[in-house]
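# Analysis of the macromolecular model
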Amino acid sequence: MTLHSMKLVTVICEALAREPLVRLLTECGAHGYTVFPVEGAGAKGGRPGDIAEYGNIQLEAIVPPAVAEVLLTRLETDFFPRYTIIAHESDVRVLRPEKF
Amino acid sequence: MTLHSMKLVTVICEALAREPLVRLLTECGAHGYTVFPVEGAGAKGGRPGDIAEYGNIQLEAIVPPAVAEVLLTRLETDFFPRYTIIAHESDVRVLRPEKF
Amino acid sequence: MTLHSMKLVTVICEALAREPLVRLLTECGAHGYTVFPVEGAGAKGGRPGDIAEYGNIQLEAIVPPAVAEVLLTRLETDFFPRYTIIAHESDVRVLRPEKF
């Protein structure tokens, strides 16, 4: 049993961002993704205490490190100005790296 | 594109703990959270094999390391004696650290 | 407040694999698990661009490292040939290690 290092990229956003996000994933070279319906609240705008609903999906994709970098860069430049969105990256180890 | 180290604190608990948990998050300085409806089973009490439903939400918050420490300490002292709950922490890297 | 290193094993699969997966978890020594209903798409078969629905649950279990190794080995040998499934492992730190 051999494990291979990959990145898990997680995006929490408004449901309306789902379709453009899935297109972005495909363009960046991701081979799959998972979508969770979620509830939540987050900081919006610059004012402290200004808490608002921030959307209702969490989208996760496991990708090679190079794909994660392209994906996060595109999220920052193309999605952050347009959608209420947060994104993070973490380390995971997978079986069958050819799937990702 | 610059990533910043944060902690992802995950709590799995009975739905009835949701409101006090959200209050705790706010008190500890978290700026947002995500709630997932879940099913599951877990060890309850000390007897091996004593598996019971352990609740139906998973709550996640991304916070700076210092907030994670306060949050986990408060969970241990105030919530563990009172609710069926598990909690864990992991490392994530975020864009836009000012959101957390 | 003391944290203890554990492994988070995550399995994304067809809902029909749920019951045999839960049996596997028990056999391998996991003391609990969480199930999320999800949607998603992933690479299926060897052909690039051959994207298909890959199932509708994500199952997560927090286990000691030795249990994770047994579990991932069994997934590879017994489940991967039979089900549409992906699996990954990551590092988490828990309170109350005796629960896992």
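Every value quoted in this text rests on a predicted model; they were computed, and no experiment measured them.

## Looking at the environment of P20(B)
Residue and element names in this part refer to chain B. By secondary structure assignment, the location of P20 is in helix 1 (residues 18-28). Between the C-alpha atoms of P20 and L71, which are 51 residues apart in sequence, the distance is 13 Å. Residues in contact with P20, not counting those within four places in the same chain, are F79 and Y83.

## Some points on the interface of chain A and chain B
Taken together, the 27 residues of chain A in the interface contact 20 residues of chain B. Carbon and sulfur atoms supply 54% of the area that chain A and chain B bury against each other, a total of about 1900 Å² over both sides. Inspection of the region where chain A meets chain B yields 3 salt bridges. With a closest N to O distance of 3.3 Å, R18(B) and E39(A) form a salt bridge. At the level of secondary structure, the elements contributing two or more residues to the side of chain A that touches chain B comprise strand 1 (4-13), strand 2 (33-37), strand 3 (39-43), helix 2 (65-79) and strand 6 (85-94) of chain A. A per-element tally of the side of chain A that touches chain B places strand 6 of chain A first, with 7 residues. Tallied by class, residues from the side of chain A that touches chain B come to 13 nonpolar, 7 polar and 7 charged. As judged from the 2 bridges shared by strand 6 of chain A and strand 6 (residues 85-94) of chain B, these two strands associate in the antiparallel manner. Note that in strand 6 of chain B the partner of H88(A) across the bridge is V94(B).

## Focus: the side chain of K7(B)
Following the sequence through the fold, K7(B) ends up in strand 1 (residues 4-13). With residues up to four places along the chain from it excluded, the contact list for K7(B) reads A61(B), I62(B), V63(B), P65(B), A68(B), E89(B), S90(B), D91(B), V92(B) and R93(C).

## Observations regarding the packing of aromatic side chains
Scanning all chains against the criterion turns up 6 aromatic pairs over all chains. Considering the side-chain rings of F36(A) and F36(B), the 5.7 Å spacing of their centres and the 90° angle between planes classify their relative orientation as edge-to-face. On the criterion of chain membership, the pair formed by F36(A) in strand 2 and F36(B) in strand 2 (residues 33-37) is interchain, its members lying in two chains. Using a relative accessible area of 1% as the deciding quantity, one classes F36(A) as buried. Through a chain of ring-to-ring contacts, three or more aromatic side chains come together here, namely F36(A), F36(B) and F36(C). Note that R96(A) overlies the ring of F80(C), its terminal NZ or CZ placed 3.9 Å from the centroid.

## Here's the deal with the interface of chain C and chain A
For an interface, size is often stated in terms of accessible area lost upon the parts coming together. The interface is formed by 27 residues belonging to chain C together with 20 residues belonging to chain A. With both chains or domains summed, chain C and chain A bury close to 1900 Å², and 54% of this area falls on carbon and sulfur atoms. The largest share of the area that chain C buries against chain A comes from E39(C), H88(C) and E89(C), three residues that together contribute 25% of it. Linking chain C with chain A are 3 salt bridges, by the criterion used here. The salt bridge involving R93(A) is made with D91(C); its shortest N-O contact spans 3.2 Å. Where chain C meets chain A, there are 5 residue pairs in polar contact (both at pLDDT 80 or more). For the side of chain C that touches chain A, the secondary-structure elements that each account for two or more residues are strand 1 (4-13), strand 2 (33-37), strand 3 (39-43), helix 2 (65-79) and strand 6 (85-94) of chain C. Sorting elements by how many residues they give to the side of chain C that touches chain A places strand 6 of chain C first, with 7 residues.

## A look at the layout of surface pockets
Empty space among the atoms can be located by rolling a probe the size of a water molecule over them. Reported here for the largest pocket is a volume of approximately 430 Å³. Lining the largest pocket are 30 residues, with L8(A), S90(A), S90(B), L8(C) and S90(C) sitting closest to its centre. Its residues placed into classes, the lining of the largest pocket shows 9 nonpolar, 12 polar and 9 charged.

## Quick look at the pairing of strand 6 of chain C
Residues and elements named next belong to chain C. Burial of strand 6 is extensive: 9 of the 10 residues sit out of reach of the surface. Sheet analysis places strand 1 next to strand 6, joined by 10 bridges and oriented antiparallel. Across the sheet, residue K7 finds its bridge partner in strand 6, namely D91.

## As for the packing of helix 1 (residues 18-28) of chain A against helix 2 of chain A
Residues and elements named next belong to chain A. It is at 10 Å that the axes of helix 1 and helix 2 come closest, and there the two elements cross at 140°. One finds that helix 1 runs oblique with respect to helix 2. Read as a crossing pair, helix 1 and helix 2 show a hand that is right-handed. Counting all contacts with helix 1, which are made through P20, L21, L24, L25, E27 and C28, the residues of helix 2 involved are V67, V70, L71, R74, L75 and F79. Classifying every residue of the contact of helix 1 with helix 2 by side-chain character gives 10 nonpolar, no polar and 2 charged.

Reading guide: rules and limits
Residues numbered from 1 in each chain as written. Chains lettered and ligands numbered in written order. Predicted model: local features only at pLDDT ≥ 70, side-chain atom pairs only at ≥ 80, totals over all residues. Heavy atoms only, no water. Helix = DSSP H or I, 4+ residues; strand = E, 2+ residues; numbered from the N terminus. Contact = heavy atoms within 4.5 Å. Buried area = accessible area lost by both parts, 1.4 Å probe. Salt bridge = Lys/Arg side-chain N within 4 Å of Asp/Glu carboxyl O. Nonpolar A, V, L, I, M, F, W, Y, C, P; charged D, E, K, R; others polar. Pairing = 2+ DSSP bridges. Phe/Tyr/Trp six-rings, centres within 6.5 Å; stacked < 30°, edge-to-face > 60°. Buried < 20%, exposed > 50% of the residue type's maximum accessible area, 1.4 Å probe, protein only. Lys NZ or Arg CZ within 6 Å of the ring centre and 35° of its normal. Polar contact = N/O pair within 3.5 Å; in protein donor to acceptor, adjacent residues only side chain to side chain. 1 Å grid on protein atoms, 1.4 Å probe; cavity = no way out; pocket = protein on both sides within 12 Å on 5 of 7 lines; lining within 4 Å. Points joined across faces, edges and corners; volume = space filled by probe spheres on them. Axes fitted to C-alpha atoms, helices over the stretch in contact; angles between N-to-C directions. Parallel < 35°, antiparallel > 145°, perpendicular 65-115°, else oblique. Left-handed = near helix turned anticlockwise from the far one by under 90°.

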